[in-house]
Amino acid sequence: MKKEGVEYIGDVCSEIEFKEVCSLREWFVIAPLLLSLTGAGTGFAASADQPGVTVTVNGKLVNFDVQPVNDQGTVYVPLRFVADELGGMIVPGNNKAIIISKGTITLSLTAGSTAAYKNQQPFTLAAAPRLVNGRMLVPLRVLSEVFDATVTYANGQVAIKQEESVQPVGPGITGNSVGNLNNGGLYATDNEWVYFNNPQDSGRLYKQKKEGTELQKLSDDEYAAYINLVDGKLYYTGDNNKLFSMNTDGSDRTMLRDFAIGKNLVTVADDWIYFTQGNSSMNKPLYRMKTDGSSRTVLEQYGVSSLAVYGGKIYYTIDFSKLFVMDLNGSHKKKLLDGGYITNIVMKDDIMYFNFKENLYTMNLDGTGLTRISGLNGKEINLSGNYLYFSNYSEYSKKLYRLNLTDYTSEKLGDDKTLYIHIVDNKLYYLNALTNRFVELDIE
């Protein structure tokens, strides 16, 4: 909600950027533009003696290739750079048009025009966005509501601060561990049973007592994955990319969605399902819906490559290159890291561990304290106790390793070609890629 005496923020892509940058999915953001803008046309009438404008986002100085401009008292800022710091997305339209979105808000703008559309409903801007040297510049007020940020301006200095959300500690119940779901969610457990994909029966869903007795097949759906268990209900994908719910005894099997194509990430937390779905074979937009299949809402429109629901937040990567965090309803999106390959994120307390630029790193959940902890190219990452378990992609044979999180020393645990590392209680399961069988190990 707009505060009295406070200006707000947002950004855009130029026609040139549509060809060169947006095709690479540069990120931008948007929200309601019920604002009062000044100035018109595509040129600026700033006087030569007006001071330059600097911009900080959450205390970090932003460097621009086209500088912000004070046009007779109205400050215009290149939207792309600010949006990239605060999170968001943009899709190019025809000519100089763009479609910017954040959460459930979609806004269409055209450079040089005051006509705009918010969620397909027309309204009129007081002034038009402008192109300067191939960049879209917008007044500060356009940026404010987009990012849930406060913006102050004085003496040539713009300070943008994104307001932190207040969230409960939850979610109270998650359907599987982040590490297991990052490895395909092929194993899940409750107090008595282990539920798993059985590769010896075309990946059908089975359960077995933890002590290894009473093996039972629960479903004829092949290639069960992303197994989640919440409040006595199983949720899983199978049968050519469909999402099902089912009682733990195999009864009341219900199809919730038909994903139709490619790989889809699924995490269940409390009474919500977070999932990706789209027309591409891998990275797809992120949605959430109730566990009964209702209230489906898009949270992220670009290609999500990894997903972790943890501590009342959603941590996710876009195309393996940018790491974001947002609230469970899609609000308060914030970029934590970019600039290289990012994947296999797992969490412990207030720390995340992940593969970054083909090395192992740790970072605080707020994005601070990025630290390289190993030069090994660890993937298939999972976490238990004081150890990080992973397949060492630095070796062609991808052997099983673990890393001590106290002194960051590593040790090899076996010579099998290791994939899909899962941890259930004090048991580690991995797929031996040469035999196509899961191996069980006792761990500390």
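Not measured: the values here are computed from a predicted model.

Trainee: Help me get a handle on the confidence of the model for the protein, residues and values and all.
Mentor: Here the protein shows a mean pLDDT of 82. Residues at 70 or above account for 80%. pLDDT under 50 marks residues 1–42. Its contacts with residues more than four places away, or in other chains, come to 176 contacts. Ignoring residues within four places in sequence, the model shows residues 165–170, a span with pLDDT below 50, making 12 contacts including any to other chains.

Trainee: Which residues make up the pairing of strand β5 (residues 74–78), and what values go with them?
Mentor: Among the five residues that make up β5, five are buried, leaving the element largely enclosed by the rest of the structure. Residues of β5 alternate between two faces, with Thr74, Tyr76 and Pro78 on one and Val75 and Val77 on the opposite face, all of them buried. The pairing of strand β4 (residues 69–71) with β5 spans three bridges and is antiparallel. Each bridged residue has a counterpart across the sheet, and for Asn70 the counterpart in β5 is Val75. What sits between β4 and β5 in their antiparallel hairpin is a turn of two residues, with Gln72 showing a positive phi close to 55°.

Trainee: Describe the sheet that holds strand β38 (residues 418–424), and please don't skip the residues or the numbers.
Mentor: On the basis of which strands lie adjacent, the open sheet formed by three strands has the order β38-β39-β40 and antiparallel pairing. Strands with a single pairing partner mark the edges of an open sheet, and in this sheet they are β38 and β40 (437–442). With direction set aside, neighbouring strand axes in the sheet form an average angle of 25°. Direction of pairing for β38 relative to strand β39 (residues 427–432): antiparallel, over a ladder of five bridges. Of the residues in β39, the one forming a bridge with Leu419 is Leu431.

Trainee: Would you mind going over the side chain of Asn183 in detail, with residue names and values included?
Mentor: On the secondary structure map, Asn183 appears in the loop between α4 (178–182) and β15 (187–189). Within the structure, the side chain of Asn183 is placed 3.1 Å from the backbone oxygen of Ile381, a separation counted as a polar contact. Among the polar contacts made by the side chain of Asn183, one reaches the main-chain carbonyl oxygen of Ile421 at a distance of 3.1 Å. Discounting residues that sit within four places of it in the chain, Asn183 has contacts with Glu380, Ile381, Asn382, Tyr420, Ile421 and His422.

Trainee: Could you give an account of the pattern of salt bridges, with specific residues and numbers?
Mentor: Going through the model one piece at a time under the given rule, you end up with 20 salt bridges. Taking the shortest distance from any N to any O, the salt bridge between Asp201 and Arg204 comes out at 2.9 Å. For the pair Asp201 and Arg204, one class covers both residues: buried. The closest approach of N and O atoms between Glu411 and Arg402, which form a salt bridge, is 2.7 Å. Shared partners join several salt bridges into a network, and the residues in it are Asp201, Arg204, Lys217, Asp220 and Glu222.

Trainee: Quick rundown of the pairing of strand β9 (residues 115–118)? Include the residues and the values.
Mentor: Bridge count for β9 against strand β10 (residues 121–124) is four bridges, and the pairing is antiparallel. By the bridge assignment, Lys118 is partnered in β10 with Gln121. In this antiparallel pair of consecutive strands, β9 and β10, the connection spans two residues, and Asn119 shows a positive phi of 50°.

Conventions we followed
- Residues numbered from 1 in each chain as written.
- Predicted model: local features only at pLDDT ≥ 70, side-chain atom pairs only at ≥ 80, totals over all residues.
- Heavy atoms only, no water.
- pLDDT = per-residue confidence, 0-100.
- Contact = heavy atoms within 4.5 Å.
- Buried < 20%, exposed > 50% of the residue type's maximum accessible area, 1.4 Å probe, protein only.
- Helix = DSSP H or I, 4+ residues; strand = E, 2+ residues; numbered from the N terminus.
- Pairing = 2+ DSSP bridges.
- Axes fitted to C-alpha atoms, helices over the stretch in contact; angles between N-to-C directions.
- Polar contact = N/O pair within 3.5 Å; in protein donor to acceptor, adjacent residues only side chain to side chain.
- Salt bridge = Lys/Arg side-chain N within 4 Å of Asp/Glu carboxyl O.

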